[in-house]
Structure formats: C-alpha cells, structure tokens
Amino acid sequence: MEVKVIMNTARSAVLEIKDGGRYYTGHTYRIFVNGTEVLHTQKTITSLFDLKPDTLQQVEVFQEETKVGEVEFRTDYEYVTLDVTRFGARGDGVQDDTHFIQAAILACPRNGRVLFPAGIYRITSLFLKSHTRMELVKGAELKAFAQPEKFPVFPGVIESYDEKEDYNLGSWEGNPLPMYTSVICGVDVEDVVIYGQGKINGNASVEDWWKAPKDYKDVFRPRLFFVNRCKDITLQGVTCCNSPAWTLHPYFSENLKFIDLDILNPSDSPNTDGLDPESCKNVDVIGVRFSLGDDCIAVKSGKIYMGRKYKTPSENIYIRQCLMEDGHGAVTLGSEMAGGIRNLMVEDCIFRNTDRGLRIKSRRGRGKDAVLDQIVFRNLTLDHVMTPLVVNAFYFCDPDGRTSYVQSRDPYPVDDRTPFIRKMVFENLECTNCHVAAAYFDGLPEQKIEEIVMKNISVSYAENPKCGVPAMSDGVPKSSRRGFFARNVAKLTLDHVTIEGQDGEAYELIGVDELTKLHSL
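Let me sum up the structure you'll find in this document. (Residues numbered from 1 in each chain as written. Predicted model: local features only at pLDDT ≥ 70, side-chain atom pairs only at ≥ 80, totals over all residues. Heavy atoms only, no water.)

1. What to know about the overall build of the protein
Step number 1: Secondary structure assignment for the protein yields three helices and 43 strands.
Step number 2: For the protein, whose C-alpha radius of gyration is 23 Å, the value lies close to the compact-globule estimate of 24 Å for 521 residues.
Step number 3: The buried share of the protein, reckoned over its 521 residues, is 58%.
Step number 4: For the protein, restricting intrachain contacts to residue pairs at least 6 apart in sequence, the fraction spanning at least 24 positions comes to 72%.
Step number 5: In the structure as shown, the protein presents an accessible area of about 20100 Å², 46% of it carried by carbon and sulfur atoms.
Step number 6: Between the centroid of the 61 positive side chains of the protein and the centroid of its 74 negative side chains there is a distance of 2 Å. (Helix = DSSP H or I, 4+ residues; strand = E, 2+ residues; numbered from the N terminus. Rg over C-alpha atoms; globule rule 2.2 N^0.38 Å. Buried < 20%, exposed > 50% of the residue type's maximum accessible area, 1.4 Å probe, protein only. Contact = heavy atoms within 4.5 Å. Areas by Shrake-Rupley, 256 points an atom, 1.4 Å probe, with all protein chains shown as cover. Lys, Arg positive; Asp, Glu negative; His and termini not counted. Charge placed at Lys NZ, Arg CZ, Asp CG, Glu CD.)

Structure below.
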C-alpha cells in the first residue's frame, strides 16, 4: 500500500491511500498527524484540515493497530488571515454579506487567507482575486440569494473598439450569451485555492431558478462557480449544492484541480451538471462525489460559432477515484464540442445509478475541428448504469437536430461541417445490473469512428431490466437487454468482452470495416 500527499495549503492537505480501492478504500484507516489521531477514513482521497502553516507534518496511517503507511510534508507559508466577520460580515443567515466579504477578498495580500468562520453568509456573487486562499471551515456556508434582480449580468459578446475582435464574458450551452454572474466568479485571475469543510449553496429551488428553466431567454441562469480565462485554480474539500444551473463551469481556463468535493443537486433539478470544463486544458478531477440532476461531468468546447472562432479544445483531462451517481451521464463529451476534445482519461471510478457511463454526443454540423481523440476509460465499476457505453453521432440537439441532414444514416459529403471521432479505449470495466444495452456505438457513415478498443469488460443485466432508449437520436428503438450495437466503426477490437444473458442475435455489428475478436463475446 502507498500513501502520498497530492496537494497541500498552509492549513490543509489531501492524502491518497492506494490500496487498490476505487473511491472507497478496502479497509477503514486511522489517520494520525504528528502523533495525534485526527480521523477515520474509508476514502482513497482524504482531506486533512486545521493544520499549522509552515510546519512539518508527519502523517501515519493505521489499519486497526498496524501501521500500514506514512508520509511527511511541510505546509505552506501563510502571511496573514483576514476574518470576514472583522470586515462586517455577520454570517447570521439574514444580512446580505456580499460587500463585506468582497472587501476582505480585495484586501487579501499574497500568501494571505480569507477565513469564513462557522455561520451562514447570504450573498449574491463574489469575485475572486489572484493569489488568494479562501477557507470555509466546518459549519461555514455561503448561501446565495435567489432573486435575479440581485445579480449582475455578464454580456455574452462585447465588440472591441476596432470592431475586429470581441470580448466574451457570458455563456450558455456553448454560445456567447448573456448570463447572470455566478455565486463564485473569476475573470482573468490565477493562483486561487478555495478549500475547507464548509458549503457553497446556490440555494436554487423549484420556486425560483428551477421554475420554468426554459423561459430564460434574455439572460440565462447563473452557475454556482464560473471562471473565465483563469489558471491555477483549485477547489478542495467543500460541498457544492443546489446550483441554479451547471455547478462548476470553468471556461477557457487551464491548470485546474477539483479535489475531494461533494457536488449535490436534487435528481430532478434541471441542467444541474456537476462539472463542465469548456475549452479548458490540464484539468484534474480527483476524489469527487457527484449526485445531481443531469450529467456528472460534461466536457465541452463550444457550439459552432465558438469552436470555429477560437479552435480551443478541451484537453489533458484526468478523472480518477470519483463516485458518480444519480445523474444522466457519468462522463459526457459534448454535445457542444465544436473545438474538439482530446487526451481524456477516466480511471478507478465508480458509476452508480446513472443513465449512461460514457456518453458521447456529436452530430453533423459541429465542424471539422470537433475531433475526439485519445479517450480512455479503464478500471471502472459500473452498477445499475442503464447503458454503460454510448457513442452517438446523431444527437438531436439544437433547432435543426431532427432534420435529415443531422439524422440521416445515408452518407453525406465530408466537408467543413463534419465532426470526427478517432480513438477510444475501454479496459477493465465491471458492469453489473445493466438495463437497456451493454454498448451502443453509432458513427457517421461518411466519417466512421476510427477505432474502438474494448478489453476485459464484463456486463451482466439486472434481474428485471428497465426499458429505455440507449441513445438520443431518431430511429433508436426503446428496448431492454439490447446487448451490443456497433455501426460505422472503422476498427473494433474486442478482447475478453462478456455479456451475460444474451445470445448471438443481440450483437449487431453493422458497417465495421475491421473487427478483431480475441476470446470475446
């Protein structure tokens, strides 16, 4: 077994306990810091808090009475702490504390900490400042107001003075559209860490932001956390809940870390994705629990206008030791991905009670820059996932989504509007209590999925499987226990793939140019 520190601040640290577990460890471990027992854990990614700055920390890990690991590190230097209550914030759940907290953030020097003691701080939008640390201690809650008139507006596009460029602040589902500023906002900031055992509560409900969500047309719903053109941003330990729309939305940003978070929204809340990195690079998602009303993680890179103009893919995304449950898709790519997605790895995670495991949503019209490549899923446990693997090149989003151009299975000419799905690898997946289908791959006839590799994958069905549609496109029948479907795949390799309770007729491999079977199906 290996124990290591994967990040630390002046007051916190994150341990990774590598005993072969996925999200949960194989045993309960006792954690000692400098000889004092501080907690018990059953999580592979575990945060430590209440540490002293600039101090050597000796961490020992015990399984019952036996020491099984240890690690040593030094916490960061801290210059000063700014307690928001000394700036006028009350934390009484009544007063609007926005301006008082904002004053503390703006006054915070490099190597300083903005501290939120226990209490409920009512706010609208807080704006981040570079080189800032913000700690929400246990019992501290940032609780947003829910009245739109209290929130500023980020315009979608502001034309430059010379009319050659534009400045994009607001965004909605891949287009540059006006939006209400988010509960936590950052624009062109760097080196920010928000951490602690507290909570960021968007406070949305069916009485306000979630009521008639499709009626927002002039200004769109805020996110809980939105950073635009930022870098070196970390969220650690906190709980994020009841977001008005997407929960965490980094936009054209880089070097992002989301570690040991709880992202919780009701299962019927509209468009409350957990994490939507859009045209971002170098993103680590480690030890995060998702339970919400839409996709747990949805990787994006803009609709047609944004993809063609900025040609900025989402890339180098690493997701591990996470728990995704009660969402539509565990990890979704698209549909707004006109800038492409590449180099994404998901490993050592649990998907539970989601509609789909991997969910790729593409369609004609996304454009030649909408390239998906080097997508890897490995070492995963999937339980009660309706359809574990879905790749759909006919997703019927947008006003033209049901036109013949988008939905036709006849080949169209390959041109500037044609997206491309290159290589995907799936290995070491254990899928139990599946319902609708084991896998559903539907590529474009004119530009087939280049390569899919499936290795060491087992699928078994629930005793009473539910009926459903594996992919959201026209002409897909509603069924249960469909088995394995692949159409328009240039190369498909199946190595030790087993689907229990199916017969040969359940496997439909249509338009596959090269098929390799090694002890499979």
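Read on for the rest.
2. Points about the side chain of Ser335
Step number 1: Mapped onto the secondary structure, Ser335 falls in the loop between β33 (329-334) and β34 (341-352).
Step number 2: Since its relative accessible area comes to 3%, Ser335 is described here as buried.
Step number 3: Not counting the four nearest positions on each side in its chain, Ser335 is found in contact with Lys300, Lys361, Arg366, Tyr395 and Cys397.

3. Observations regarding the sheet that holds strand β3 (residues 24-33)
Step number 1: In spatial order, the strands read β4-β3-β6-β7; together these four strands make up an open sheet with antiparallel pairing. Looking along the sheet, the strands with just one partner apiece sit at the ends: β4 (36-43) and β7 (66-74). The average undirected angle you get between the axes of adjacent strands in this sheet is 25 degrees. (Pairing = 2+ DSSP bridges. Axes fitted to C-alpha atoms, helices over the stretch in contact; angles between N-to-C directions.)

4. Re the packing of aromatic side chains
Step number 1: For the structure shown, the criterion picks out 18 aromatic pairs.
Step number 2: Relative to Phe226, the ring of Phe154 has its centre 6.5 Å away and its plane inclined at 55 degrees; by these criteria the two rings are tilted. Remark: Phe226 occurs in strand β22 (residues 225-228) and Phe154 occurs in strand β15 (residues 153-154); sequence separation between them is 72 residues.
Step number 3: A relative accessible area of 9% places Phe154 in the buried class.
Step number 4: With a relative accessible area of 0%, Phe226 lands in the buried category.
Step number 5: Between Tyr395 and Phe396 the ring centres are 6.3 Å apart and the planes differ by 20 degrees, which places this aromatic pair in the stacked class.
Step number 6: The class of Tyr395 is buried, set by a relative accessible area of 12%. (Phe/Tyr/Trp six-rings, centres within 6.5 Å; stacked < 30°, edge-to-face > 60°.)

5. Remarks on unusual backbone geometry
Step number 1: Residue Ser335 is bonded to the preceding Gly334 through a cis peptide linkage, with omega at 0 degrees.
Step number 2: Notably, Arg229 is not glycine yet its phi reads approximately 55 degrees, a positive angle.
Step number 3: Even without a glycine there, the phi angle at Gln374 is positive, about 55 degrees.
Step number 4: By the element assignment, Gln374 lies in strand β36 (residues 371-383).
Step number 5: Accessibility expressed as a relative area gives 35% for Gln374, which makes it partly exposed.

6. A word on the sheet that holds strand β2 (residues 13-18)
Step number 1: Ordered by their spatial adjacency, three strands build an open sheet running β1-β2-β5, and the pairing between neighbours is antiparallel. Pairing within the sheet leaves two strands with one partner each, and these edge strands are β1 (2-8) and β5 (45-48). Taking each pair of neighbouring strands and ignoring which way they run, the sheet shows an average axis angle of 30 degrees.
Step number 2: Two elements, β2 and β5, share four bridges in a ladder whose sense is antiparallel. Bridging from a neighbouring strand, Val14 pairs with Ser47 of β5.

7. Remarks on helix α1 (residues 98-107)
Step number 1: Three or more residues of α1 are buried, namely Thr98, Ile101, Gln102, Ala104 and Ile105. Relative to the axis of α1, the buried residues are bounded by an arc of 160 degrees and lie together on one face. With respect to the buried face of α1, the exposed residues turned more than 90 degrees away are His99 and Leu106. (Arc of directions from axis to C-beta.)

8. Observations concerning the environment of Cys434
Step number 1: Along the polypeptide, Cys434 turns up in strand β39 (residues 423-434).
Step number 2: Cys434 sits in the buried class, given a relative accessible area of 1%.
Step number 3: Between the C-alpha atom of Cys434 and that of Thr387, which follows or precedes it by 47 residues, the distance is 6.5 Å.
Step number 4: Apart from the residues within four sequence positions on either side, Cys434 is in contact with Val385, Met386, Pro388, Val459, Ser460, Tyr461, Ala462 and Pro465.

9. What to know about the pattern of salt bridges
Step number 1: One pass over the structure, following the stated rule, counts 33 salt bridges.
Step number 2: Lys67 is paired through a salt bridge with Glu60; the nearest N and O atoms lie 3.2 Å apart.
Step number 3: Of the residues examined, Lys67 reaches a relative accessible area of 39% and is grouped as partly exposed.
Step number 4: For Glu60, a relative accessible area of 23% gives the class partly exposed.
Step number 5: One salt bridge in this structure joins Arg113 and Glu135, with 2.6 Å as the shortest N-O distance. Linking Arg113 in strand β10 (residues 112-116) with Glu135 in strand β13 (residues 132-136), this pair joins segments that are 22 residues apart in sequence. Side by side, Arg113 and Glu135 carry an identical accessibility label, which is buried. (Salt bridge = Lys/Arg side-chain N within 4 Å of Asp/Glu carboxyl O.)

10. Some words on the nonpolar core
Step number 1: Phe225, Phe290, Phe351, Phe426, Phe441 and Met454 are the most contacted members of the largest nonpolar core, which has 94 residues in total.
Step number 2: At seven residues, strand β42 (residues 484-499) tops the list of elements feeding residues into this core.
Step number 3: Once residues lying within four places of it in the same chain are set aside, the contact partners of Phe426 are Leu358, Phe377, Leu389, Phe441, Ile452, Val453, Met454, Lys455 and Ile457. (Core = buried A, V, L, I, M, F, W, Y, C linked by side-chain atoms within 4.5 Å.)

11. Examining the state of the cysteines
Step number 1: Taken as a whole and judged by the stated rule, the model has zero disulfides.
Step number 2: Cys230 forms no disulfide, and the closest cysteine sulfur to it belongs to Cys280, at a distance of 9.5 Å.
Step number 3: Taking the relative accessible area as the measure of exposure, Cys230 reaches 2% and is therefore buried.
Step number 4: The cysteine Cys431 is free of any disulfide, with Cys434 supplying the nearest cysteine sulfur at 7.1 Å. (Disulfide = S-S within 2.5 Å.)

12. Some points on the pairing of β7
Step number 1: In this sheet, β7 lies alongside strand β6 (residues 56-63) in antiparallel orientation, the contact comprising eight bridges. Along β7, the bridge assignment pairs Gln57 with Phe73.

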